[in-house]
Structures are given as C-alpha cells and as structure tokens.
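Chain by chain, the residues:
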Amino acid sequence: MKGRSFLAGLAALAVAALGTAEARADKLQDILSKGTVRIGVPLDAPPFGAQDASRKPVGFDIELAEMVAKGLGVKLEMQQITGANRIPFLLTDKVDIVISVMGLSPERARQIMFTAPYANTFLAVYGAKSSSVSSAETLGSARIAAAKGTTQELAITEAAPKANVMRTEDDATAAAAYITGQADLLATNSIVAQALAKQNPNKEFERKFTIRRSPAHMGVQMDQHNLVRWLDGFIFFNSLNGELDRLHKKYLDMPMDPLPTL
C-alpha cells in the first residue's frame, strides 16, 4: 500500500471510529473538509526551526509539518510560534497542530493533548568550562537564560525557586543573551545547544547538568482524539518507513533512537 493512501485510510478510520462519540467539533474532519491544516512551528530553535538566508523556514519541525500536510492530503498553512505561546495558540484555535519540539508535562497535559514522541532529546543547562555549576542546587547567583513558558524554564524554577533566571520571550533571545555574555548559563534543548555550538565556535557550550529527558511531541486541542489517533499513526508509519530516521540524520546528525511511547 502506498504511503499516501495508507495515511488517508488512517484518517478515514479515525473519523469513523470516534466521529459519533460526541457532538463537539471534530478537528480532523474540519481539516479534511476545508483542505487546509494550520500548524504552528518554531523559527527560533535551530535545527528544529529557523530561517535560511532568504528567510525561508527550514528545519526538522518545518519539514515534519510539510509531511503531515502531505499525509493528510491538504494544504499547509504554517504559523510562527514561540515557546511561550504554543499552548495559547492551540487554546484560542489559531492553529490546529503544534509541531515545535514540545516536551510533555502533567501540567501541560491538563490543557492540551499530546501525540506519541517524534524525536528523542533532553533538556540541560550549558555554560563555560570554567563554571563550577553542576546541578540546580549549585546555581548560586549565576544568571541563567531560558525562554519563558518552556519546559526548561519551568523545571529550573521548580528545582531552584531562588535561581537568577533571565526569562526571555523566545529561545533565540535566550541563546543571544548567553552568547553575548548577558547571561552566564543557558537552559535549552540538547539538539539546539549542539546547533548553537556549531554556529558559535568561539563560545563554550559545556553541559553543566541535565534537567531531564524531553522527547518532542506534537500537540492538539483537548479532546481531539481523532486527530491525535491519526498523528500517532503518522508517526508510527514514518518510523517504520525510515522517514523519521532520515530527518534525524539530516537535521540532528544522528540516527533515530527508539522512542518512548505514551
């Protein structure tokens, strides 16, 4: 069975399975009926999302969004989002799906639904080799940059309530604060740190301590079971056919590791 017909079949099965369960709007059916899917993506978190020299969106999450639209057989409408507004954009129906290297947490899961993970990463704090920081307890007065509303910012705040956290509007601003010396440390995703280190060879990005493992998930509005089931099928199918492994090698410089399941 060809990939596109397989995914189209998944969409039809998902709608049939749960379409009559409740009278609420069915986002998957709406997407198929309108012929357009609105996907929120990052442009401040390379290699997951950035802009090239011609300001064209590029990255892991950008290409994954394009694959989702193709699998659904609809037009893609991409919208730029940040770590702080990913969930608000879903709650206010500005996007149908968020693909923005988003980690799952119990607090977030009370607001939105998460798919199975599509990329395996972790969150950590990075700094100069000379820094003596080795845990949240040893942050002391060191100023740590983190995009507000992100999993890393929330985790640092919880682990070290008195930490000197510089909360920025987005990941790009947090990275810039560390690179320019406005902050002593940077809390970010491991893959983002790897990309920043390549782009800034004169800046040290030594991992001082790991916050936690943080696989990337797609997000949708609460109770949109049909859409989640289709996206889970999409992730599973593209894990089997090697497309997710291709994205890992292309953007993350590594093969796809076995992913945890929900």
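Preceding this paragraph is the structure being described.
None of the values given here were measured: they were computed from a predicted structure.

Parameters at a glance
- Residues numbered from 1 in each chain as written.
- Predicted model: local features only at pLDDT ≥ 70, side-chain atom pairs only at ≥ 80, totals over all residues.
- Heavy atoms only, no water.
- Phe/Tyr/Trp six-rings, centres within 6.5 Å; stacked < 30°, edge-to-face > 60°.
- Helix = DSSP H or I, 4+ residues; strand = E, 2+ residues; numbered from the N terminus.
- Buried < 20%, exposed > 50% of the residue type's maximum accessible area, 1.4 Å probe, protein only.
- Polar contact = N/O pair within 3.5 Å; in protein donor to acceptor, adjacent residues only side chain to side chain.
- Contact = heavy atoms within 4.5 Å.
- Axes fitted to C-alpha atoms, helices over the stretch in contact; angles between N-to-C directions.
- Parallel < 35°, antiparallel > 145°, perpendicular 65-115°, else oblique.
- Left-handed = near helix turned anticlockwise from the far one by under 90°.
- Nonpolar A, V, L, I, M, F, W, Y, C, P; charged D, E, K, R; others polar.

S.K.: Please provide a residue-by-residue account of the packing of aromatic side chains, values included.
M.R.: Taken as a whole and assessed by the stated rule, the structure comprises 5 aromatic pairs. Both rings, one in Tyr178 and one in Phe205, keep their centres 5.3 Å apart while their planes meet at 70 degrees; by these two values the pair is edge-to-face. Linking Tyr178 in helix 7 (residues 171–179) with Phe205 in the loop between helix 8 (190–199) and strand 11 (206–213), this pair joins segments that are 27 residues apart in sequence. Each member of the pair Tyr178 and Phe205 is classed as buried. Judged by centre distance (5.5 Å) and plane angle (25 degrees), the rings of Trp230 and Phe234 are stacked. Taken together, the residues span about one helical turn, with Trp230 and Phe234 both in helix 9 (residues 225–240) at a distance of 4 residues.

S.K.: Describe the side chain of Gln224, naming the residues involved and giving the relevant values.
M.R.: Within the secondary structure, Gln224 sits in the loop between strand 12 (216–221) and helix 9. Within polar-contact distance, the side chain of Gln224 engages the backbone oxygen of Ala25 at 3.1 Å. Setting aside chain neighbours within four positions, we find Gln224 in contact with Ala25, Asp26, Lys27 and Met113.

S.K.: Would you mind going over the packing of helix 3 (residues 60–72) against helix 10 (residues 243–252) in detail, with residue names and values included?
M.R.: Packing of helix 3 against helix 10 brings their axes to within 10 Å, and their N-to-C directions diverge by 155 degrees. When the axis of helix 3 is compared with that of helix 10, the two are roughly antiparallel. Relative to helix 10, helix 3 is oriented so that their crossing is right-handed. Contacts between helix 3 and helix 10 involve Phe60, Glu63, Leu64 and Met67 from the first element and Glu243, Leu244, Arg246, Leu247, His248, Lys250, Tyr251 and Leu252 from the second. Here the residues of the contact of helix 3 with helix 10 are counted per class, giving 7 nonpolar, 1 polar and 4 charged.

That is the geometry; function is a separate question.
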